[in-house]
Structure formats: C-alpha cells, structure tokens
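Residues per chain are reported as follows:
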Amino acid sequence: MMLLIFYLIAITAEAMTAALAAGRRDMDWVGVCVIACITALGGGSVRDVLLGHYPLVWVAHPEYLWMTAGAALFTAFTARMMRHLHKLFLALDALGLVTFTVLGCQIGIDMGLPVTIILLSGMLTGCAGGVLRDILCNDIPLLFRKEMYASVSMVTGGLYMAAIHYELPELASMLVPMGIGLVLRFLALRFNWQMPQFVYRDDWK
Amino acid sequence: MMLLIFYLIAITAEAMTAALAAGRRDMDWVGVCVIACITALGGGSVRDVLLGHYPLVWVAHPEYLWMTAGAALFTAFTARMMRHLHKLFLALDALGLVTFTVLGCQIGIDMGLPVTIILLSGMLTGCAGGVLRDILCNDIPLLFRKEMYASVSMVTGGLYMAAIHYELPELASMLVPMGIGLVLRFLALRFNWQMPQFVYRDDWK
Amino acid sequence: MMLLIFYLIAITAEAMTAALAAGRRDMDWVGVCVIACITALGGGSVRDVLLGHYPLVWVAHPEYLWMTAGAALFTAFTARMMRHLHKLFLALDALGLVTFTVLGCQIGIDMGLPVTIILLSGMLTGCAGGVLRDILCNDIPLLFRKEMYASVSMVTGGLYMAAIHYELPELASMLVPMGIGLVLRFLALRFNWQMPQFVYRDDWK
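Residues numbered from 1 in each chain as written. Chains lettered and ligands numbered in written order. Predicted model: local features only at pLDDT ≥ 70, side-chain atom pairs only at ≥ 80, totals over all residues. Heavy atoms only, no water.

Q: Can you walk me through a nonpolar patch on the surface in this structure?
A: Residue and element names in this part refer to chain A. Residues Val 155, Leu 159, Val 176 and Ile 180 make up a contiguous nonpolar surface patch of about 280 Å² in total accessible area. Put simply, the parts of the chain that give the nonpolar patch at least two residues each are helix H8 (149-165) and helix H9 (170-190). You can see Val 176 is positioned in helix H9. (Patch = residues over 30% accessible without salt bridge, like charges linked within 9 Å, V, L, I, M, F, W, Y side chains within 5 Å. Areas by Shrake-Rupley, 256 points an atom, 1.4 Å probe, with all protein chains shown as cover. Salt bridge = Lys/Arg side-chain N within 4 Å of Asp/Glu carboxyl O. Helix = DSSP H or I, 4+ residues; strand = E, 2+ residues; numbered from the N terminus.)

Q: Could you clarify how one ought to interpret the relation of the copies chain B and chain C in this entry?
A: The two chain copies are connected by a rotation around an axis plus a translation along it. Once turned by 120 degrees and shifted 0.0 Å along the axis, chain B lies on chain C with an RMSD of 0.0 Å. The operation mapping one copy onto its partner corresponds to a three-fold rotation axis. Mapped onto chain C, only 12% of the interface residues of chain B again fall at the interface, so the copies present different surfaces. (Least-squares fit on C-alpha atoms with pLDDT ≥ 70 in both. Contact = heavy atoms within 4.5 Å.)

Q: Would you mind showing me how to read the interface of chain A and chain B here?
A: Interface size is often expressed as the accessible area that is lost when the parts come together. Between chain A and chain B, the contact holds 33 residues from the first and 34 residues from the second. Here chain A and chain B share an interface that buries about 3,100 Å² over both sides, 68% of which is from carbon and sulfur atoms. There are zero salt bridges connecting chain A and chain B. In this structure, the connection of chain A to chain B is made through four residue pairs in polar contact (both at pLDDT 80 or more). Among the elements that make up the side of chain A that touches chain B, the one with the highest residue count is helix H7 (residues 115-136) of chain A (five residues). (Buried area = accessible area lost by both parts, 1.4 Å probe. Polar contact = N/O pair within 3.5 Å; in protein donor to acceptor, adjacent residues only side chain to side chain.)

Q: Just checking my understanding: could you explain the interface of chain B and chain C for this structure?
A: The interface is formed by 33 residues belonging to chain B together with 33 residues belonging to chain C. Summed over both sides, the interface between chain B and chain C buries roughly 3,100 Å², with carbon and sulfur atoms accounting for 68% of that surface. Run the count over chain B and chain C and you get zero salt bridges. Listing elements by their share of the side of chain B that touches chain C, those giving two or more residues are helix H2 (29-51), helix H7 (115-136) and helix H8 (149-165) of chain B. Per-class residue counts for the side of chain B that touches chain C are 21 nonpolar, five polar and seven charged. (Nonpolar A, V, L, I, M, F, W, Y, C, P; charged D, E, K, R; others polar.)

Right under this line is the structure:
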C-alpha cells in the first residue's frame, strides 16, 4: 500500500524536524524523543480521541513510537549534516501534510461521519501535531500565524472528498488531490503566500 | 427549548470574544476560526472526552462549527465596531457561563455520575474553553489568576443541583440558579471582586 | 493494599508541590486547586484517555479530587512552614513517581497491551501530570530539559515488567523495582545527574 509508505516517510520526517525544534530549546534526549513522537503521532491521536476512534494508531502499532524516537535521536546526532537538508525536510513535511490529510479523511469516511467532520478529521490529522509541538515548546502555534498549512490541508481534503463522491478510481482519487495540495504548498513556500492577518488592538482588556 | 437558544447565543458570543483575542496576537484568518471554535466548543469537548461521552457535540452537530467560525470571521471584518460593544460581550459571556454550566450539569446527571463529578462537569463546560484559548495564545490562563469565573460556575451548578434535588419545576430549577449566577458575575465585574491570591516566593527550585 | 496507601501519599504530595508552583505565579485559590488536581491526577487521566480506559480514576473516586484540592489549600495556608520541608517533598515526589509508574504499568498489563505501550502507560502516569502543570503555568516542561525523571520512570517500569515476566512473588516484583527507582532518583538529585542535552542553532526558519 503506497499510502503506508508515504505515511512512514511522513512520520519520520515530522520526527526529524521536531527534533530540530527541540534542539533549539536545549531539550535533553528524553525531551527530543517525546517531542518527536508527539509531533509525528499527535495529530492522529487528537483526532482519534475527539472522534472516540480507539485504539490509537501507536497503541496498535507500537513500532511507530520506536521509529519516530529513533529518527529523532539520529537527527540529534547528525544535526550538523541536517543543516544542509532544509529543502528536503520542507518537501517531506509537505508530503506528510497531504498524506496525513487523506488518511484522516479516510478514517472519517469509514466512521460514516458528516462531511464537515470528515474534512476536519483530515485537517486535525495533518495539522494538530505541529500545534502540540509549538505548545510544548511554549510558542504561539505557528499554524495560527503564518503559512498556508491549514488551507492546503483543507483544499486537499475537499478535493479528495469530491473525488470519492464522483467515484474516481481509488488511486487517482488519492493521488490527484495530494499532488494539487503539494503544488499549492510549494507555491505558498516559494512566493511566501500567507493568509490575511487580523490585527486588533484595544485598551480594555 | 429556551436553553438551546441561550446555548447558540453563548457559543456565538464566545466565538466573537475569542476572535478579538486572536486579533490581539496578529493571528491569520485560519487561526481566528480555530481559536473561536476551540473557545466556544472546547469546554464541552474536554468534558465529553474526560467522561467518555461520545460523540462530541460538534461531531453530532457540525453546523455549530460553521456558526462559530462564521461569527469569528464576521467579528474580524467588523472589529472596529466591536470596540463599542464591550459591555454587551461581557453580558453575553456571563450568559454563556451560566448556560454552559447548567448544560454540563445536565449531562452529568443524565450519565448518573456522582455529585462532585456533576458539579465538575458543569464547571468544565463553563470554563475549560477559556483556559484552552489562553494556552493557545501562550498566556497563563486568566481563570487561574483573576475574576470569579470558576466560582460563579460552581455556585450556579450547586444551586441547580439543589433545585433538582428538591424537585422544583424544571423551568424554575434552571432559570433561578442561572439568574443568581448572572447577578453574582455582574457584581464581581462591577466591584472587581476577586478570589484571594496565593503568592509564594522561595529560593530553592 | 500497600500500593493504595503509597498512591494516596503520592497524590497528596504532588498536590502540595503543585500548589507551591501555583503560588509562584500568584494564582488565586481556584487556580491553586485546579493546578493541584491536574498535576496529581492528570497523568493518569492522560493515560486513560489515550488508552480509552474509562471511567477515569477521579470519576470513579471523586473523593480524590477533594483530597488533592484540600491538600493544596492547606499548603497555601501554611506555605511559610512548607519552606522547611523541601527535602521531604522531594522524597515524597520520588515515591509518587515510582508508585505512579508501577500503577500505570499494571493498568497496561490488565488491558493486555503490547510491551512498549505498557512501559509508556507507566511513564505517562508518572510524568504527564508535571508536564500539564508546566504548560498551565506557561513554562517549557521541566521534564524535557532537566532531571532524570522520565528515565527513572522508564527503568522502574522496565524492571517491574521483567519481574512480572520471571514470575517473582507479587510483593517483591513491585517493591524491588520501586526501591531501585527511588535510589536512582535520589542519586540523580544528589549528584545532579542529567541526560545529555541536544543544543541546536540555525538561521533558517
């Protein structure tokens, strides 16, 4: 199953970028592993807890925990080299975003949920891990302030559901939305596209 | 059902105040919508996840998500006007607090939980959304430092349960505690009532 | 059941240290109680929500909530005295860590989970409460930056599972790993042992 391979690549890539974020905060090895696992697997966990979809992925597949923790420690040991792979990480991260989104939508469809919730299931899977990482690193989540991350996830999920609805062949209904999502994300990164901000200042609280 | 109307007013009001909080942090439109949904619907979600009460409200009623996100975007577009409605928002927010509390207690009663947990169910529904908002905005939750918010919720919930226990008519058993809670909250705001603080300084750790 | 006594001592001690942490942030009495309950009972709650193990401990035993809130308020009133009990708190906290770990592992074993998840169940029970406390106090969780906390929990859990596997007598299989964990923790505190840190700085992102 191609989607599984993409998924494994994606959680590994997420774990590695999370490890670098932990390193920026001088965390110890335990912290690096924990942040990596939460970033890579946390999005799916938030989705499953909110939808009551048990058992969680990593309870059924504990090997994913070892994989992410291992990838994180490997990153910590070879951090100097990682510095040159910035663009590769961004590409893998984008692949992860669209893969997670499609997987999350599939779970929502399997559970027979309403359309809005299927879309949200995809977005939670794609984006919530990064939000948890930012909370644990004591940042305002990047998702809420920059980049087209959530929008790309929404477009990918919407196209995927349209493809399912019009009964496209299974492979095309996954790959076409993922491809469009990837292109969107790369364009957003290349041209620094951003959602408009809402800036508000007042005197009262 | 009058309580449903109060509920819809309350989640709309919560979404609008949350949007203003997001605007103070320069979030983009996605962030504004996410913060609004989490603040308006997060309290009930935390309660449902902790009590194992599935499906969550917004999974069963996805239209609430659109309503809160819509109210948040509307607020972002008309923020200049909102500046003059400060007092109205505080009143709606107080209405939300007592409505959420009574609804949370009802769910605890329906599930046949112990008295302490029913009270807590009401408080979680009333207060947890604001705590999540503050965590996502990278603040120490206001709830823990100021205002009589949690206390008003506790008093409202306690009175509601007493009214149920003494078998008051259904309408009175909801409206009287909610009214007393509202008055308490307004008095707390008017006279700047606060719970005593615990200030502690030490050298170790 | 000796483990129950240790557990009650441990949640009381956790509540008291959490109350002091809340006092350092000038929280009011409500905040002190909430932080205490979350720190003492939050680790087990995170575990139960992630594993789908309902009802949560404090829903089944609401008296634990009153106990932790009571201990926290008592601490706030006698804070001056607490200043001299620093070492006692550290000892009780270490007792809590190993007790929570063993209890968490037992729940994982009862649920028939894979070995990795049993170990994780113990670590979550032992460590997640402190992480939640730090997030609510708006700190980068201490766990990720210092001390051998998570490592002690992992060693204790691993030894406990080895003892179960080799069918040691029940009492010994709990007490020996807990004793070794305690000694490790005291040595780590005494000699200021730390996990190696991963420090990473870059220009991009």
